[in-house]
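Given next are the chains, with one letter for each unit.
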Amino acid sequence: MNPNRRALLCAGLGAGAGLVSTGGAVIPVAQAETCDRPPVGGDWSCDPIVRRAAATDFGRVISRTPRAVHRPSSRADVAGLLRWASKHGAKVSARGQGHSIYGRAMAENGIVVDMGAMSAVGEVRPDRVVVEAGATWAAVLEATLKRGLTPPVLTNYLGLSIGGTIAIGGIGGASSSHGLQTDQVLELDVVTGDGRELTCSASAHPDLFDAVRAGLGKCGIVTRATLRLVRAPAHVRRFQLFYPDLAALVADQRRALDERRFDQLQGAVLPDPAGGWRYQLEGAVFHDGTISSGHGGVLEGLSDTRSAAVIMDLTYRDDAHSFAKFQKLLTSNGQWLHPQPWLLTFLRGSNAQSVARAILDELTRADVGPLGRITCYPMSTMAVRTPQARLTDEPVVFPFNLIRIPASNDPSSAERMVAQNRVLYERIRDAGGTLYPVSAMPMSSDDWRHHFGSAWQPLRDAMQHYDPANILAPGYDLLDRT
Ligand SMILES: Cc1cc2nc3c(=O)[nH]c(=O)nc-3n(C[C@H](O)[C@H](O)[C@H](O)COP(=O)(O)OP(=O)(O)OC[C@H]3O[C@@H](n4cnc5c(N)ncnc54)[C@H](O)[C@@H]3O)c2cc1C
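Basis of the calculations
- What you see as residue numbers is a count from 1 along each chain, following the sequence as written.
- Confidence filtering applies because this is a predicted model: local features only for residues at pLDDT of at least 70, side-chain atom pairs given and counted only at 80 or more, and all residues used for totals across whole chains, interfaces and linings.
- Note that water and hydrogens are dropped before the side-chain values are worked out from all heavy atoms of the structure.
- Comment: elements are numbered from the N terminus, with helices defined as DSSP H or I runs of at least four residues and strands as E runs of at least two.
- To estimate the expected span of a helix, count its residues, drop one, and scale the result by 1.5 Å.
- Three labels apply to residues, based on accessible area from a 1.4 Å probe with only protein chains included: buried if under 20% of the type maximum, exposed if over 50%, partly exposed otherwise in between.
- Summary of the distance rule: residues count as near a molecule or strand when at least one heavy atom falls within 4 Å of that molecule or strand.
- Here a polar contact is recorded for every N or O atom pair within 3.5 Å, except that within protein the pair must consist of a potential hydrogen donor and a potential acceptor, and residues adjacent in sequence are included only if both atoms are side-chain atoms.
- In short, Shrake-Rupley with a 1.4 Å probe defines the accessible areas, and a residue's cover is counted only from the protein chains shown.
- Asp, Glu, Lys and Arg are counted as charged, while Ala, Val, Leu, Ile, Met, Phe, Trp, Tyr, Cys and Pro are counted as nonpolar; the rest, among them Gly, fall into the polar class.
- A fitted line through C-alpha atoms serves as each axis, taken over the contacting stretch for helices, and the angle formed by two N-to-C directions is quoted from 0 to 180°.
- To sort the angles, those under 35 degrees are grouped as roughly parallel, those over 145 as roughly antiparallel, those from 65 to 115 as roughly perpendicular, and the leftovers as oblique.
- Here is the rule for handedness: rotate from the far helix to the near one, and if that takes an anticlockwise turn smaller than a right angle the crossing is left-handed, while a clockwise turn gives right-handed.
- Note on contacts: a residue pair is in contact if any heavy atoms of the two residues lie within 4.5 Å.
- Should DSSP find at least two bridges between two strands, the strands are taken to pair.
- Nonpolar core, defined: a set of buried Ala, Val, Leu, Ile, Met, Phe, Trp, Tyr and Cys residues in which side-chain atoms within 4.5 Å join the residues together.
- Per-residue confidence from the prediction method is given by pLDDT, with values spanning 0 to 100.

**Some details on helix α4 (residues 75–88)**
Residue pairs three or four apart in sequence face the same way in an α-helix, which turns once every 3.6 residues. Between its first and last C-alpha atoms α4 spans 20 Å; for 14 residues at 1.5 Å apiece the expected length is 20 Å, and the two agree. Listed in full, the buried residues belonging to α4 are Asp-77, Val-78, Ala-79, Gly-80, Leu-81, Leu-82, Trp-84 and Ala-85. Downstream of α4 by one or two residues, Gly-89 has phi in the positive range, about 65 degrees.

Now the structure itself:
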């Protein structure tokens, strides 16, 4: 049996007889089953169940049904597909783990390239590892930790693919020191939109290297990445500190950042079950098992409500996987499968507090859900060198993310949140902030041009050069063309 179909059947997505509904569109099975397979290697499926799965994503807000799902097992398979697709004008979208929020890995009536069979993790060397782009960060970390090594920046959730985060940047608690995941990529194997197989880096095809990292998948499909590695700490002491208000939280976060007190610094505004918000700083110190009970002075002079502080010692591995506990909770109460209309942005360091305060004053607990949160913390942009990542022009930015986890499965409430995202985005943009392009909200070509700013022309030139037929990543419609 086709492995796509087997996996999806195991997930309990059984097909109905005769007609399959895919988020509103009804596809006659007979038409789907007779679709033509182009002369390309790898698995090819027009199975309605497989296509229906590729018509949704983690966000569960919109649905776009592809005409087929291609599952390549080699770079040559991807190249064959893209040569055929560019000749025939078929839209193509790579799909890693499908954790996009707003259809970014979908291709209406086009081809979704499921990278799941290209997920090998190669030999771990002292400073690098070569991995296939469909591998997850969890798999990469598992392999590198066996040699006491780690990628310098890990996303909070490790169930994302290498290709999926390279397409957008990849931020984690260590980004202040090490930039984005795209800053830690040494070399990429890419198949361009017109089917060329190229290897790019800072010295080979640097224009492609710059256009692919955080370039939203518009110039090529990454098949393999060489990632930088550093020594992994053995342990992490994690601090959750609580504050009575936003001003106190931000003051201590800024101080902690300026004084480089933590190896990882994040924080969030959480819905308080008693009403209003709770303000949390989250810091982590790496150590090899010998940190003092005074925590090396990292808490000295901070103004948090110390009696509420939560301090934990974890192995580096367990700490990196800590999102899994939250995922388990959301899976057990069904909320992991609810619509997730997230908004992810960056505020300028100079006005972050006032912009965040004004937005928080208007939001309610229901706007993020009882288990949702608003990520809010300062991050230094010193180490960020990815040209297509747009993080404002200031040395400190605040990732400000509405991680909405609605308590109900109600589509109308998700629609309301998408509309609210748009209003909030415009306010943030008008205040000099930028978008992390993983957000649930429509964007026009003018919006994208504004978003990329000085990086727009190089990206456009690269798109014209490497994907002249404009077939790639239709989920990011930068040119408003269909
Ligand atoms: C629960 C959760 C936690 C998250 N935590 C973080 C976090 O801590 N930090 C952070 O930065 N982000 C985070 N994100 C956002 C996440 O990084 C992005 O949504 C990412 O794009 C998803 O990766 P994926 O493998 O699921 O990609 P997909 O959703 O499958 O694809 C995303 C985009 O990348 C393109 N793409 C995928 N593979 C390739 C490839 N091989 N070559 C070229 N383009 C490709 C797709 O075409 C699409 O446009 C989180 C998202 C979720 C749902």
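**Digging into the site of the ligand**
Taken together, the neighbourhood of the ligand is formed by 34 residues, with Ala-94, His-99, Ser-100, Ser-161 and Tyr-436 sitting nearest. Ala-94 has a polar backbone atom sitting 2.7 Å from an oxygen atom of the ligand. In this structure, Val-222 approaches the ligand through a main-chain N or O atom, which is 2.9 Å from a nitrogen atom. Protein contacts shield 96% of the accessible area of the ligand, which totals 960 Å² for the unbound molecule. Breaking the shell around the ligand down by element, the ones donating at least two residues are β5 (92–95), α6 (162–166) and β12 (220–228). Its residues assigned to classes, the shell around the ligand shows 17 nonpolar, 15 polar and 2 charged.

**Considerations on the packing of helix α9 (residues 246–258) against helix α12 (residues 352–362)**
α12 packs onto α9 with a crossing angle of 150 degrees between their chain directions and a minimal axis gap of 11 Å. Between α9 and α12, the angle is such that the two are roughly antiparallel. Our pair here, α9 against α12, has a crossing hand that is right-handed. Residue-level inspection shows Leu-246, Ala-247 and Val-250 of α9 in contact with α12, the latter providing Gln-353, Ala-356, Arg-357 and Leu-360. In terms of residue class, the contact of α9 with α12 is made up of 5 nonpolar, 1 polar and 1 charged.

**As for the sheet that holds strand β7 (residues 121–125)**
Pairing within the open sheet is antiparallel, and its 5 strands lie in the order β7-β8-β12-β10-β11. The open sheet has two edge strands, β7 and β11 (197–201), and neither has a second partner. Sheet twist, expressed as the average angle between the axes of neighbouring strands with direction ignored, equals 15 degrees. As judged from the 3 bridges shared by β7 and strand β8 (residues 128–132), these two strands associate in the antiparallel manner. Bridged to Val-121 within β8 is Val-131. Where helix α5 (residues 137–145) meets the sheet, it contacts β7, β8 and β12, and its direction lies at approximately 40 degrees from that of β7.

**A look at the sheet that holds strand β6 (residues 111–114)**
Pairing is mixed across the open sheet formed by 4 strands, whose spatial order is β3-β4-β6-β5. A single partner strand is all that each edge strand has here, and the edge strands are β3 (43–45) and β5. Sheet twist, expressed as the mean angle between neighbouring strand axes with direction ignored, is 20 degrees. One ladder, built from 4 bridges, connects β5 with β6; its direction is parallel. Across the sheet, residue Arg-95 finds its bridge partner in β6, namely Asp-114.

**Some words on the pairing of β11**
Bridging between strand β10 (residues 185–192) and β11 involves 5 bridges; their strand directions are antiparallel. Note that in β11 the partner of Val-191 across the bridge is Glu-197. Here β10 folds back onto β11, and the loop between the two strands holds 4 residues, one of which, Gly-195, carries a positive phi near 90 degrees.

**Quick word on the nonpolar core**
Within the largest apolar cluster, 132 residues are counted, with the highest numbers of intra-cluster contacts made by Val-92 and Leu-188. Discounting chain neighbours no more than four positions away, the residues touching Leu-188 are Ile-166, Leu-198, Thr-199, Cys-200, Phe-209, Val-212, Arg-213, Val-222, Arg-224 and Ala-225. Counting 5 residues, the second-largest nonpolar core is a separate cluster that includes Ala-54, Val-69, Ala-107 and Val-112.

**A look at the confidence of the model for the chain**
On average, residues of the chain score 92 in pLDDT, and 93% of them reach the 70 mark or higher. Counted against residues more than four places away or in other chains, residues 1–34, with its pLDDT under 50, gives 52 contacts.

**Quick notes on the side chain of Asn-401**
Here Asn-401 shows up in strand β21 (residues 396–403). There is a polar contact of 3.2 Å between the side chain of Asn-401 and the backbone nitrogen of Thr-345. The contact partners of Asn-401, leaving out residues within four places of it in the chain, are Leu-343, Leu-344, Thr-345, Arg-373, Ile-374 and Thr-375.

**Details of unusual backbone geometry**
If you check the backbone angles, Arg-60 has positive phi at about 50 degrees while not being a glycine. When you line up the elements, Arg-60 lands in the loop between α3 (48–54) and β4 (68–71). Owing to a relative accessible area of 34%, Arg-60 belongs among the partly exposed residues under this scheme. Non-glycine residue Ala-473 carries a positive phi angle of around 50 degrees. Of note, Ala-473 is situated in the segment after α16 (456–466). By relative accessible area, which is 7% here, Ala-473 ends up buried.

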